[in-house]
Structures are given as structure tokens and as C-alpha cells.
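This is what each chain is made of:
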Amino acid sequence: MTETKNTTQQTQQTQNTAQDTTTVLVTGATGRTGRRVAEAAGAAGLTVRAASRSGAVRFDWADPGTWDAALRGADGAYLAFPSDIGAPDAAPAVGALARRAVELGVRRLVLLSARGEDQALPAEEALRASGADWTVLRCAWFHQNFSEGPLLDQVRGPELAFAAPDGLREPFLDARDIAEVAVRVLREPTGRYAGEVLDLTGPELLTWGEALTAIAAAAGTPKRYVAVPVRDYGGALLEFGVPQEEVGFLMELFGTLLDGRNASLTGDVERVLGRAPRPFTSFAAEAAAAGTWK
Ligand SMILES: NC(=O)c1ccc[n+]([C@@H]2O[C@H](COP(=O)([O-])OP(=O)(O)OC[C@H]3O[C@@H](n4cnc5c(N)ncnc54)[C@H](OP(=O)(O)O)[C@@H]3O)[C@@H](O)[C@H]2O)c1
């Protein structure tokens, strides 16, 4: 059962009636991971501040004036930086927010980061330097890139064109597993996992073509993957509405990230959750049954 209450800072919180007294700020709470972190935290009995520019709790990375009300009185926070954690503005923002959180007594900070992304290291370092009890979740490509966000329209159609080369294998990861790991880490009263980088992957390596074939089978319609050379992908990014100034960064990012460096599996999801990560076929079957690709 949930209820909504107003605090003096005019924030809103969703409260579960179970006995866990931990309060967590969840940023990006309308996004692919944050939404699921908020749900999983609520289901675990935590008090959740679901925050974003349009969320129940107003929070804007670009407006530090919104930070204190969102942070004050919380025990921990899930930090999902919008666009990309390796973007040039990420490290200063993550560092400033983490330092302010620690000043306000919000010590348990969990940062969503990206596996194999060298450009994300400054943001991770800024978090570490804040003095927080930090944990970094270095995540592989999400399953939900195929069901939410800029690629969805193409995945619904007969052809998906992306910058991953044919034959490149990725350990696609379910955002629900990220959420459960984040909540497990945020709930640890002993600070277990504090000071750790968790390297999160799914249970298998798939090419983008194989992932799309699994979706086609689940959705019952043929689909074809087309590998676009990174140098030619800028036009597609502009069509997705990516601002011109971000296109150069993303092309540089894809040029390094999509070189096979992530073609390996880790056991970190299982180490934290005590079970294997969700396979891509389960995601595809559930999303197809929900009508995602109709
Ligand atoms: N996609 C992948 O496969 C992948 C893999 C590893 C890591 N990552 C990392 O995942 C992060 C993105 O997380 P996500 O995919 O969970 O989010 P997402 O689905 O891209 O959604 C973005 C979220 O951030 C909020 N937001 C946007 N601008 C904001 C602002 N200025 N201030 C506050 N909130 C803002 C949005 O809500 P409002 O619009 O309401 O503000 C929304 O809740 C990036 O850092 C990326 O590097 C992605």
C-alpha cells in the first residue's frame, strides 16, 4: 500500500507501510532504470523520493537550487545522470551533488555508470572524492534500449540501424536487475558494497543482430539489423533529436565503446542478488506480450 505525503520542503514521498525506515532519493525516476529502482525500493519497504524534472519530487541536475529539498533527510540516493555519464558535464555535476549530499548527511550514494566507458571515469572519480559511502554500478547495454527510448520506433519496424558492428557481442543487461542491485546496495545497513565498483552484465553475449532476431521471434514479425559505420551515424542521432553539441561526443563514445571491449560476462549480478541475471529472451517475451513492438 502506498501513500503520498508533503514535507516542509514541499517534496513528495511515496511511503510503503513496511518497517524499513530507510529513505532514498531516486534520480531519473521517470527513466529506464530510475523508474524501476523507485518501484523496487517501494516494494522493499523503503521510503522513496521519485525525482526528476517532471517527477513527484522536482530535481534538476542543471539547477542546484532543487537539490537540497530533494536530498535533505534522505539516507541514500540513486544517481542516474541524464544523456550519458561520460558527457563532459557529468563529472562536475555528479561531484557537486555528491559533496552536497554528504554535507546534508546523505552518505549512501549509488551511481549508474557504464561498463567499458573511459569517458565515465571522471564522474566515478568525482563521486569517490566526495567522501560518500559510494558504490558504482558499471552497467552493460540495457535490454530496455530495445523497448524504450530513441531506438524503439525502429525496433517496431522491419529494420534497426545502429552503430554496433556485425559480430560485436554484448552482455545485454536487464534494467530490472540493475534496479534490484541498486536497492540491495542502498539497503545494506553495514555499508556492504561501499567503496566497490560492481560490473553488471547479463547472462549471455549476443550480437545486436541476435538480439533483434530474438525480438522478431517474440513479436512474430521479421526484423533486420543493419550495422552503420560510426562515422555515418551522426545523421541518425540528429534525427533522434540529439542536440548537435552532443552528437560529436556520442560518435566518439560509440567509436570506443563498440570495439568489443565488453564482450565478457561477470558474476556481479548473481553475487549481489543470489540469482542469475535475466536472459534477453525473457525480456523479449515479456515485452512482446505487453505489446511493446506493435
Ligand atoms: N542505455 C544504456 O544501455 C546504458 C548503459 C549503461 C549506462 N547508461 C547510463 O544511463 C544513464 C541514463 O539513465 P536511464 O537510461 O535510466 O535514464 P533515461 O531512460 O535516459 O531517462 C532519463 C531520466 O533523467 C531525467 N532527466 C533528464 N534530464 C534531467 C535533468 N536535467 N535533471 C534531472 N533529471 C533529468 C528524466 O526525467 P525528466 O525528463 O522528468 O527530468 C528521466 O527520468 C546515462 O548516464 C547513461 O550513461 C546507459
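Relevant structure appears above.
Cut-offs used in this document
Residues numbered from 1 in each chain as written. Predicted model: local features only at pLDDT ≥ 70, side-chain atom pairs only at ≥ 80, totals over all residues. Heavy atoms only, no water. Helix = DSSP H or I, 4+ residues; strand = E, 2+ residues; numbered from the N terminus. Expected span 1.5 Å × (residues − 1). Buried < 20%, exposed > 50% of the residue type's maximum accessible area, 1.4 Å probe, protein only. Contact = heavy atoms within 4.5 Å. Near = heavy atom within 4 Å. Polar contact = N/O pair within 3.5 Å; in protein donor to acceptor, adjacent residues only side chain to side chain. Areas by Shrake-Rupley, 256 points an atom, 1.4 Å probe, with all protein chains shown as cover. 1 Å grid on protein atoms, 1.4 Å probe; cavity = no way out; pocket = protein on both sides within 12 Å on 5 of 7 lines; lining within 4 Å. Sits in = over half its atoms within 2 Å of the grid points. Nonpolar A, V, L, I, M, F, W, Y, C, P; charged D, E, K, R; others polar. Points joined across faces, edges and corners; volume = space filled by probe spheres on them. Pairing = 2+ DSSP bridges. Right-handed = clockwise from strand over helix to strand, strands pointing away. Axes fitted to C-alpha atoms, helices over the stretch in contact; angles between N-to-C directions. Parallel < 35°, antiparallel > 145°, perpendicular 65-115°, else oblique. Left-handed = near helix turned anticlockwise from the far one by under 90°. Phe/Tyr/Trp six-rings, centres within 6.5 Å; stacked < 30°, edge-to-face > 60°. Lys NZ or Arg CZ within 6 Å of the ring centre and 35° of its normal. Core = buried A, V, L, I, M, F, W, Y, C linked by side-chain atoms within 4.5 Å.

## Brief notes about helix α3 (residues 90–103)
Logical step 1: A rise of 1.5 Å per residue sets the reference length of α3, with its 14 residues, at 20 Å; its end C-alpha atoms lie 20 Å apart and thus fit the reference within 8%.
Logical step 2: Every buried residue of α3 is accounted for by A90, A91, A93, V94, G95, L97, A98 and A101.
Logical step 3: Among the structural elements, α2 (67–71), β6 (76–79), β7 (108–114) and α4 (121–128) are those in contact with the buried residues of α3.
Logical step 4: Looking at the residues trailing α3, positive phi occurs at G105, about 85°.

## Digging into the side chain of R36
Logical step 1: If you trace the backbone, R36 turns up in helix α1 (residues 34–43).
Logical step 2: R36 has contacts with Q144, E148, A175, R176 and A179, leaving out every residue within four places of it along the chain.

## Quick look at the site of the ligand
Logical step 1: Neighbouring the ligand are 26 residues; T30, T33, S52, S54 and F81 lie closest to it.
Logical step 2: Between an oxygen atom of the ligand and a side-chain N or O atom of S54, the distance comes to 2.4 Å.
Logical step 3: The contact in question runs from an oxygen atom of the ligand to an N or O atom on the backbone of I85, over 2.9 Å.
Logical step 4: In isolation the ligand exposes 920 Å². Once the protein is present, 85% of that is buried.
Logical step 5: Comparing atom positions with the cavity grids shows the ligand to sit within the largest pocket.
Logical step 6: Ranked by residue count, the leading element in the shell around the ligand is β7, at three residues.
Logical step 7: Split into classes, the residues belonging to the shell around the ligand amount to twelve nonpolar, ten polar and four charged.

## A look at the layout of surface pockets
Logical step 1: Roughly 1600 Å³ of volume is contained in the largest pocket.
Logical step 2: Along the walls of the largest pocket sit 50 residues, with R32, F81, P82, S83 and D84 positioned nearest its centre.
Logical step 3: Those elements giving two or more residues to the lining of the largest pocket turn out to be β7 and α9 (244–257).
Logical step 4: A total of seven residues in the lining of the largest pocket trace back to one element, the largest contributor, which is α9.
Logical step 5: For the lining of the largest pocket, the per-class residue count stands at 29 nonpolar, twelve polar and nine charged.

## Side note on the pairing of β6
Logical step 1: Side chains G76 and Y78 of β6 all project onto a buried face; the interleaved residues A77 and L79 project onto the opposite face, where all are buried too.
Logical step 2: As paired strands, strand β3 (residues 23–27) and β6 are joined by three bridges and run parallel to one another. Looking across to β6, one finds that V24 is bridged to G76.
Logical step 3: One ladder, built from four bridges, connects β6 with β7; its direction is parallel. The residue of β7 that forms the bridge with G76 is R108.
Logical step 4: Handedness of the crossover joining β6 and β7 through α3 is recorded here as right-handed.

## Focus on the packing of α1 against helix α6 (residues 175–187)
Logical step 1: At a minimum axis distance of 8 Å, the contact between α1 and α6 shows a crossing angle of 50°. Our classification of the angle between α1 and α6 gives oblique. Once α1 is placed against α6, the crossing between them reads as right-handed. Counting all contacts with α1, which are made through R36, V37, A40 and A41, the residues of α6 involved are A175, R176, A179, A182 and V183.
Logical step 2: A breakdown of the residues in the contact of α1 with α6 according to their chemical character gives seven nonpolar, no polar and two charged.

## Side note on the packing of aromatic side chains
Logical step 1: Scanning the model with the defined rule gives 18 aromatic pairs in all.
Logical step 2: Aromatic pair W141 and F254: ring centres 6.1 Å apart, planes at 40°, arrangement tilted. Note that W141 is positioned in the loop between β8 (133–139) and α5 (152–156) and F254 in helix α9, a separation of 113 residues in sequence.
Logical step 3: Residue W141 is classed as buried on the basis of its relative accessible area of 16%.
Logical step 4: The cationic tip of R128 hangs over the ring face of W134; the distance from NZ or CZ to the ring centre is 5.1 Å.

## Brief notes about the nonpolar core
Logical step 1: With 37 residues, the main nonpolar core has F146, F162, W208, F254, F280 and W293 as its most contacted residues.
Logical step 2: The set of elements that each furnish at least two residues to this core consists of α5, β9 (159–162), α7 (208–219), α9 and α11 (280–289).
Logical step 3: Broken down by element, the residue count for this core peaks at six residues, all from α9.
Logical step 4: Beyond its immediate sequence surroundings of up to four residues, W293 is in contact with F146, S147, L152, V155, R156, I215, A219, F283, A284, A287 and A288.
Logical step 5: In terms of nonpolar packing, the next biggest core, distinct from the first, is built from 31 residues, A80, V110, A140 and L186 among them.

## Quick word on the packing of α3 against α4
Working note: a packed helix pair is described by the angle between its axes plus the distance between those axes.
Logical step 1: The contact between α3 and α4 brings their axes to 8 Å, and the two run at 15°. The angle between α3 and α4 places the two elements in the roughly parallel class. You can see that α3 and α4 cross each other, and the crossing is right-handed. In this structure, α3 contributes A90, A91, V94, G95 and A98 to the contact, and α4 contributes P122, A123, A126 and L127.

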